[in-house]
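Examination of the molecular architecture
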Amino acid sequence: MFSSSDYGTASWELIIRVDHHYEEEQKEFTLRVSGDLHIGGVMLKLVEQINIPQDWSDFALWWEQKHCWLLKTHWTLDKYGVQADARLLFTPQHKMLCLRLPNMKTVRLRVSFSSVVFKAVGDICKTLNIRRSEELSLLKPSDDYFKKKKKKEKNNREPIIEDILNLDNSLTISGSSASPGLYSKTMTPIYDPVNGTPISSTITWFSDSPLREQSCNILAFSQPSRSPETLAEMFQPRSLLDKAKLNAGWLDSSRSLMEQGIQEDEKLLLRFKYYTFFDLNPKYDAVRINQLYEQARWSILLEEIDCTEEEMLIFAALQYHISKLSLSAETLDFTNESEVDEVEAALSNLEVTLEGGKTENILEDITDIPKLADYLRLFRAKKLTLKTFKQYWFVFKDTSIAYFKNMDLEQGEPVERLHLRGCEVVPDVNVSGRKFGIKLLIPVADGMNEVYLRCDNENQYARWMAACILASKGKTMADSSYWSEVNNILSFLKMKNRNTTSQTSSDPECMDMKPECFVSPRCAKKYKSKQLAARILEAHQNVAQMSLVEAKLRFIQAWQSLPEFGLTYYIVRFKGSKKDDLLGVSYNRLIRIDTATGDPITTWRFANMKQWNVNWEIRQVAIEFDQNVSIAFTCLSADCKIVHEYIGGYIFLSTRSKDQNETLDEELFHKLTGGQE
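Residues numbered from 1 in each chain as written. Predicted model: local features only at pLDDT ≥ 70, side-chain atom pairs only at ≥ 80, totals over all residues. Heavy atoms only, no water.

**As for the environment of Leu318**
Along the chain, Leu318 falls in helix H12 (residues 309–327). Judged by relative accessible area, Leu318 falls into the buried class, the value being 0%. With sequence-adjacent residues up to four places away left out, Leu318 is seen in contact with Met495, Val543, Met546, Ala551, Arg554 and Phe555. (Helix = DSSP H or I, 4+ residues; strand = E, 2+ residues; numbered from the N terminus. Buried < 20%, exposed > 50% of the residue type's maximum accessible area, 1.4 Å probe, protein only. Contact = heavy atoms within 4.5 Å.)

Right, here's the structure in full:
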């Protein structure tokens, strides 16, 4: 037996503040505890002392000095290292968070502040009915993101009242069932009790969600375009360095929101972080496709990604078409199944998947690998020389191009052989000017060699461009994706083709359009409103017959075909270098880019990567590739963990396959992205 004096020395006082929503100020409670008391016992003692009858199951202890949750309730205070000077907060694990979605709509919902961000995003996506949550993450916007808007408010012009969609009760607390049928691919259609028509598979997702009550149209359909004035007020990156700053705010997927200093009701951005969109299916992905389209649309309008004026007009025409269809009553009728069926048929011709998983390998006949052979024109970039193209006979086989002075010399030694595995392939096209070029940036020991090829027509360009794209990924024309790539390129060229023979649209349509809403502010300044409307309507004739979902998929596909697509920029300092460079992280490669010119210096493919790790003491990322190539860099525009997570995240996503039944190996994700050996 212990005496009272012995008990006094073995126990001590622990002060815990309670974050209770019914009280304006947090109350402090003092408990007498001993080091061998487990966390669950501490919480039980605390609840008994608070003596307010309510459900305390979502509450947990947060240790302020150590910035961590005490979630292992069987651990003792001694094991956690909690002593009398510890400042503990008893607070709900789920708190309200404001998320701005890719379509610029803000939703307010309850999110776990104690789960790691990877899991929290999964729960958010279940609430919003977005499949493949691993492709998205949370971004804390930079100060510049809202800077122009604040300036507008300061001038007292047209105060901004943001319409927030409140989904307060939407997120189920961890452990309870959350829409079990959400991801099921065997959903059976149910019937609308009002008009007796079958409801599409898309609408059945919303049966257990507040989205059904508040109209899922807000997330699944494109919203009306913002005014040109609002567009001009939004932050637009003016340089690659500005773009690098935008990517500094990605949250660490392996830590919780609370651990990263996120406050209740703080505004974060929910964005597609990884540009590998796996298994897009209109039957189940209405919200996902729309949000992806919206992210692509805003990246074009705000010039976060560069495109030519010709491409800008195609994007404008598709936006105009989508906005028209979205506003029509027929489109907003969810009971219309026919469009889903039409698009499902169209999907067999339209793949919008970027190496998101293991492609089905069709056995290649090694004795009969397809080849291309034709006369093309070539120009090699050299300093202080005019851009003059010379005709050669080109033969494309495997993943390399050989060219000869003429066709008769094909069996001999070529003038040169270009090995395209790991090269950068950039379109150099102006359809109205009948220019069909391919720019190849081929890695060599001291940088990149620039080679330009010029084709005669659309068909020749599509075949050679598709072959170059596949070869850069280490694939040959025998790959099953070759012809779909050719067709995708041809369809994009067709949209670019200005149809001068057909009649232009009527003046009333021109007047209703507000063309400045569909192009970037810089592009809008080049034309008068009527001229711009006429050009958009001219381009619109090539897309006017598309259904709503097909138009969105075409927009996404056109976005994917841009040279800068999928590149996330960071300012880094390479080991041994005396100046800063840009690092472009893509779904299959890293690119070292000159900050002054924007030109790529070197490319490294993930396929050739042997290992990568982080030296946390000096915050340096080190990567080893095949053939004894190794690089190391420190990240200047963001924490090195963000860049490390990007690399590991893309490698994780490349392991996905359709036979996984959409379950994710979360442990593998954290192993690949955590930075610990």
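Having put the structure on the table, let's press on.
**As for the sheet that holds strand E9 (residues 164–167)**
Remark on secondary structure: sheet strands pair via backbone hydrogen bonds, oriented parallel or antiparallel. Pairing in this open sheet of 5 strands is mixed, and the strands run E8-E12-E6-E7-E9 from one edge to the other. On the outer flanks of this sheet lie strand E8 (136–139) and E9, each paired with one strand and no other. Strand-to-strand twist across the sheet, computed as the mean angle between neighbouring axes with direction ignored, equals 40°. Sitting on the sheet, helix H4 (residues 117–128) touches strand E6 (94–100), strand E7 (106–112), E8, E9 and strand E12 (267–272), and the angle it makes with E8 is about 110°. (Pairing = 2+ DSSP bridges. Axes fitted to C-alpha atoms, helices over the stretch in contact; angles between N-to-C directions.)

**A few points about the packing of H12 against helix H15 (residues 482–496)**
Two packed helices can be described by the angle between their axes and the distance between those axes. Viewed as axis vectors pointing N to C, H12 and H15 meet at an angle of 90°, and their least axial separation amounts to 9 Å. Put simply, H12 runs roughly perpendicular to H15. Residues Glu310, Glu311, Ile314 and Leu318 of H12 touch H15, and the partners they reach there are Phe492, Met495 and Lys496. By residue class, the composition of the contact of H12 with H15 is 4 nonpolar, no polar and 3 charged. (Parallel < 35°, antiparallel > 145°, perpendicular 65-115°, else oblique. Nonpolar A, V, L, I, M, F, W, Y, C, P; charged D, E, K, R; others polar.)

**Some words on the confidence of the model for the chain**
Caution applies to low-pLDDT parts of the model: their predicted coordinates are not meant to be read in detail. On average, residues of the chain score 81 in pLDDT, and 78% of them are at 70 or above. Mean pLDDT in the chain bottoms out at strand E10 (residues 190–191), which sits at 33, and peaks at strand E4 (residues 68–70), which reaches 97. Contacts for the low-pLDDT stretch residues 149–160, under 50 throughout, to residues beyond four places or in other chains number 10 contacts. The low-confidence segment residues 329–338 (pLDDT under 50) makes 23 contacts with residues lying over four places distant or belonging to another chain. (pLDDT = per-residue confidence, 0-100.)

**With respect to the nonpolar core**
Side chains of nonpolar character tend, in soluble globular proteins, to be buried together. In terms of nonpolar packing, the biggest core is built from 113 residues, with Leu138, Leu257, Trp559, Tyr570 and Ile623 touching the most fellow members. Shared between two domains, this core takes at least three residues from each, and those domains are domain 1 (11–92) and domain 3 (568–674). Formed by 36 residues, the second largest nonpolar core is a distinct cluster that contains Tyr403, Leu418, Val451 and Ile489. (Core = buried A, V, L, I, M, F, W, Y, C linked by side-chain atoms within 4.5 Å. Domains from an automatic or database assignment.)

**Description of the packing of aromatic side chains**
Applying the stated criterion across every chain yields a total of 35 aromatic pairs. An angle of 50° between the planes, with centres 4.9 Å apart, marks the rings of Trp75 and Tyr80 as tilted. Above the face of the Tyr646 ring, Lys273 is positioned so that its terminal group lies 5.0 Å from the ring centre. Looking at Arg454, its charged tip hangs above the ring of Phe389, at a distance of 4.3 Å from the centre. (Phe/Tyr/Trp six-rings, centres within 6.5 Å; stacked < 30°, edge-to-face > 60°. Lys NZ or Arg CZ within 6 Å of the ring centre and 35° of its normal.)

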